[in-house]
Amino acid sequence: MLRALGLCLVFVLTETPIGFAFDDPALVPGSAVVEHVGFGSENLFKVGRWTPITVRLETTRACEVTLVVESPDPDGNLTILPSEPIPLDRDGEHVLTTRFRPGRLDTPLTVRVELSRDSEASESVVAKSLGGTLPALEQSEFLVGVVGGPWQFTEDAGSPPIRYIPLISEDAAAPPEQSDLYESLDAILIVSESQDLGEKPTAAIAEWVRHGGHLCVAIGEESDAFRNSPLGKILASDDPSSGVLPTFETTQIRDLQGLESYTSKQSPLEVRRPFPIGVRFDSPEDHSETGGGRTVVSALSGPLVIQVPMGFGLVTAIGTDLNRAPLADWKPLPFLMRKLFVGISDESSAAAGGTGRLASTGITDLASQIHATQADFPSITRGSLWAILGLMLLYLLIVGPLDYFLVHRVLKRPQLTWITLPMWILAATVFAVWLAGVDNGSELLTNQLDLIDIDGDTNAVRTQSWCTVYSPEARRYRLSAEPMEWAGSGSKATTNGTRLSWSAAPENAFGGLYRQAGVRAGQPSYHFADSATGLEDYPILLWSTGSFAAEWHAENAAESSPLVESELVHIGGGRLQGSFTHHLPVAIEDWLLAYDRRVYRQIVDRNTGEIAPLSPDRSWPASAAVWSQVSQRDLTGFLTGEVTVTETDRTTGQTDFRQDRSLYRPLDKPHPQAEAEILRVMTFFSQLGGAKYTSLQNSSLRQLDLTDLLHNNRAILFGRVKTPATEFQIDDHTPKQARQETFVRIVLPVRQGKQ
């Protein structure tokens, strides 16, 4: 009874937030409260995405504090993430922001505020949380952050579901000032500039777009306010060569029939006097100095809705107001926004309705396939279930009939079974230990996959790296990651800090993101290094794996040391001319060049299908005549292995033609072909109708889909290089690599030529 009471007391003490007392009362915070997590008044955020946390803290004097966030990872281990020290130069109330990465759908969260007293000791107080566990959203949810309203957007029956979240309101936290904290948002909609975001949040949003985000701006009557706003100074610079949007001028909007045609909805959109004030854009196709782009919707006065690339992201500009008549009351308005953001494909239903082998594997997302390829170590050859059952049967035969025959028939001394049976057990144990060592190996191994993106317009670099570590022993490790010199440096390059964290599949499976948190006593904990640049004391069990992901960005001065130079020209009909040159230190192999709906490949040997690598510092093609020797075909047909099959009816003699596609089963193929196929499909996922073809979603890595850039004066070069882009270190040593693959994608600007 006393032991039970003691255990109950320990449980209560460990589960109840406790504020630690300070020796110096002048340092005690008056209160520390977790005010917001994620975005909007509903505290929305996605599992597996870096998420902002706002803490309201009151102190009685100036001091330095550190916010420490504790939350479980997908395996249930407790992660401890400290922020950088935050100096507070006054007493009173402070609003501080930090981050965390939720690993489960139901996220237990604890935030501690540590006050440094000297170099050797610190005291902390637990901030009052929002209560219980916080529900995270699955990554298939589509979240749109909205500035300026309207909040009355109604949800339609489409998929994925779209939620609109106010970024500025009395109940919402201030917009984050770091670009990575917008990861939970799939798009940002600026409806009105009357609510200013501020300089730092605006710069963070612009950086988020350059890294792959989608920003939609409705200009309308407030065109002057937009030009003078921090966002307008970035997108609509007075210097056409440095702006993103083409020039535009204020005009009266007399015709909106283009929006009706674009949405294909039988709902009239009447424009009445007095005509609404909006803007008319110059054609983005004619302004290559602003990055190109395309006209989505035209009116009588000119382009009304345009899309232009911005780094790896996209900016959609609407020349009329969404929160004023006539669009404010137009019923198809939510469908218009859905089509601008995600198109009209029904990814979730296609994935859910897929049939075949993939439907029974528990894999629903392309990111899960990447995770599966990285977890496979060819040198670890464990026995199959049938082999284990066979060994068990052999063991039973030895300790049963064979031992009986030996001691009764051969030795004729049954009492010797007290000696032979332990010998058989000891021999079986030694054999099992030896076999386990042989099958599971004794070396620390890693699998690594790098995906490096280069923007040929600005020479910016975006890199995503995955690493899976196989441990031959149960122990804790210290992990770090740094960009390789060739990938992240140049004479004028600026590389941000590498962000390293755990990696997990977006599935409802063991170690998956979609599992409920549950209660797991005795789970180990580990620390993030400063600003999530590494992991300290990460636990890996005997003969088990740990999966990690690292990402970093680099800005390169294109004039001084360009990584890529492009002179490609579109001459009409999706056809390309001109040339491009890359200055990477290694050749690009097994490459393809995609533009619009075409793919270009230069076949050297038609028998073997080998492609000549693209050597650095050499222009391709070497001459205009080479274009006539380049193989061209439909991009979707190439990616899906589409072939035309001829069938002849034996009775009637009629000939029929049908199009057959190869089955998408990359996990059935040997490595590294599987990784190449997965990343090719991910790169052009929307172009080939990926959900219907693969029966999978691409929710987790949606920002790595470059399809939108194909239709905005950008060509995509996809290939493989024989050197890693990120260096992972374990306990300050570079581990032995079982497999390593690096793929590069170069986004090449294309000028519009004479047709």
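Next up on the list: a nonpolar patch on the surface. A contiguous nonpolar patch, built from Leu385, Trp386, Ile388, Leu389 and Met392 and spanning about 600 Å² of accessible area, is present on the exposed surface. Turning to its location among the elements, leucine 385 is positioned in helix 9 (residues 385-410). With a relative accessible area of 58%, leucine 385 lands in the exposed category.

Cis rather than trans, the peptide bond between arginine 273 and proline 274 has omega equal to -5°. Here alanine 325 and proline 326 are connected by a cis peptide whose omega angle stands at 5°. Summarising the element assignment, proline 326 is placed in the loop between strand 19 (313-318) and helix 6 (333-342). At aspartate 731, a residue that is not glycine, the phi angle is positive and equals roughly 55°. Locating aspartate 731 in the fold gives a position in the loop between strand 40 (726-730) and strand 41 (736-752).

This part takes up the pattern of salt bridges. It is possible for side chains bearing opposite charge to pair when their charged atoms get close. Across all of its chains, the model carries 30 salt bridges by this definition. Note that arginine 462 and aspartate 453 form a salt bridge whose closest N and O atoms lie 2.7 Å from each other. Between aspartate 732 and arginine 478 there is a salt bridge; the shortest N-O distance is 2.6 Å. One end of the pair, aspartate 732, is in the loop between strand 40 and strand 41; the other, arginine 478, is in strand 22 (residues 475-483), and 254 residues separate them in sequence. Classification of aspartate 732 by relative accessible area gives partly exposed; the value is 49%. Given the relative accessible area of 31%, arginine 478 is considered partly exposed. Within this structure, Arg99, Asp180, Glu183, Arg499 and Glu551 form a network of salt bridges that share partners.

Our next topic: the environment of isoleucine 398. Looking at where isoleucine 398 falls in the secondary structure, it is placed in helix 9. Isoleucine 398 sits in the partly exposed class, given a relative accessible area of 22%. For the pair isoleucine 398 and tryptophan 424, spaced 26 residues apart in sequence, the C-alpha separation works out to 7.6 Å. Apart from the residues lying within four places of it in its own chain, the contact partners of isoleucine 398 are Asp403 and Trp424.

Here we come to helix 13 (residues 673-683). Spacing of three or four residues puts side chains on the same side of an α-helix, whose turn is 3.6 residues. Among the eleven residues in helix 13, nine count as buried, and that is most of the element. Within the span of helix 13, buried status applies to Ala674, Glu675, Ala676, Glu677, Ile678, Leu679, Val681, Met682 and Thr683. Summarising the contacts, the buried residues of helix 13 are in contact with helix 8 (366-374), strand 20 (445-455), helix 14 (690-694), helix 15 (707-710), strand 39 (714-721) and strand 41.

Right, let's talk about the sheet that holds strand 18 (residues 302-310) for a bit. Strands sit in the order 12-11-13-14-19-18-17 across an open sheet of seven strands; the sheet is mixed. Every other strand in the sheet has two partners, leaving strand 12 (162-166) and strand 17 (294-299) as the edge strands with one partner each. Averaged over all pairs of adjacent strands, the angle between strand axes in this sheet comes to 20°, irrespective of strand direction. Note that strand 17 and strand 18 share five bridges and pair antiparallel. Each residue of the ladder has a partner; that of alanine 299, found in strand 18, is glycine 302. Here helix 2 (residues 199-210) sits on the sheet in contact with strand 13 (187-190), strand 14 (214-218), strand 18 and strand 19, set at roughly 115° to strand 19.

This part is about the packing of aromatic side chains. If you walk through the whole model with that rule in mind, you get 17 aromatic pairs. For the ring pair tyrosine 526 and tyrosine 538, a centre distance of 4.7 Å and an interplane angle of 65° mean the geometry is edge-to-face. One end of the pair, tyrosine 526, is in strand 25 (residues 525-528); the other, tyrosine 538, is in strand 26 (residues 534-540), and twelve residues separate them in sequence. Exposure class is identical for tyrosine 526 and tyrosine 538. Each is buried. Taking the centre distance of 5.8 Å and the plane angle of 55° together, the rings of tyrosine 664 and tyrosine 693 count as tilted. Separated by 29 residues along the polypeptide, tyrosine 664 in the loop between strand 38 (655-660) and helix 13 and tyrosine 693 in helix 14 bring together distant segments of the chain.

Below, the discussion takes up the side chain of aspartate 453. Inspection of the secondary structure puts aspartate 453 in strand 20. Under the relative-accessibility criterion, aspartate 453 is labelled buried at 1%. Among the polar contacts made by the side chain of aspartate 453, one reaches the side chain of arginine 462 at a distance of 2.7 Å. Side-chain polar atoms of aspartate 453 contact the side chain of arginine 745, separated by 2.7 Å. With residues near it in sequence (within four places) discarded, aspartate 453 still touches Phe312, Ala460, Val461, Arg462, Leu704 and Arg745.

Our focus in this paragraph is the pairing of strand 21 (residues 461-471). Here strand 21 lies mainly inside the structure; eleven of its eleven residues are buried. Residues Val461, Thr463, Ser465, Cys467, Val469 and Ser471 of strand 21 are buried on one face, and the alternating residues Arg462, Gln464, Trp466, Thr468 and Tyr470, pointing to the opposite face, are buried as well. As judged from the ten bridges shared by strand 20 and strand 21, these two strands associate in the antiparallel manner. Its bridge partner lying in strand 21, aspartate 450 is registered against serine 465. Linkage of strand 20 to strand 21, two consecutive antiparallel strands, is achieved through a turn of five residues, within which asparagine 459 is found at a positive phi near 60°.

What counts as what
Residues numbered from 1 in each chain as written. Predicted model: local features only at pLDDT ≥ 70, side-chain atom pairs only at ≥ 80, totals over all residues. Heavy atoms only, no water. Patch = residues over 30% accessible without salt bridge, like charges linked within 9 Å, V, L, I, M, F, W, Y side chains within 5 Å. Areas by Shrake-Rupley, 256 points an atom, 1.4 Å probe, with all protein chains shown as cover. Salt bridge = Lys/Arg side-chain N within 4 Å of Asp/Glu carboxyl O. Helix = DSSP H or I, 4+ residues; strand = E, 2+ residues; numbered from the N terminus. Buried < 20%, exposed > 50% of the residue type's maximum accessible area, 1.4 Å probe, protein only. Contact = heavy atoms within 4.5 Å. Pairing = 2+ DSSP bridges. Axes fitted to C-alpha atoms, helices over the stretch in contact; angles between N-to-C directions. Phe/Tyr/Trp six-rings, centres within 6.5 Å; stacked < 30°, edge-to-face > 60°. Polar contact = N/O pair within 3.5 Å; in protein donor to acceptor, adjacent residues only side chain to side chain.

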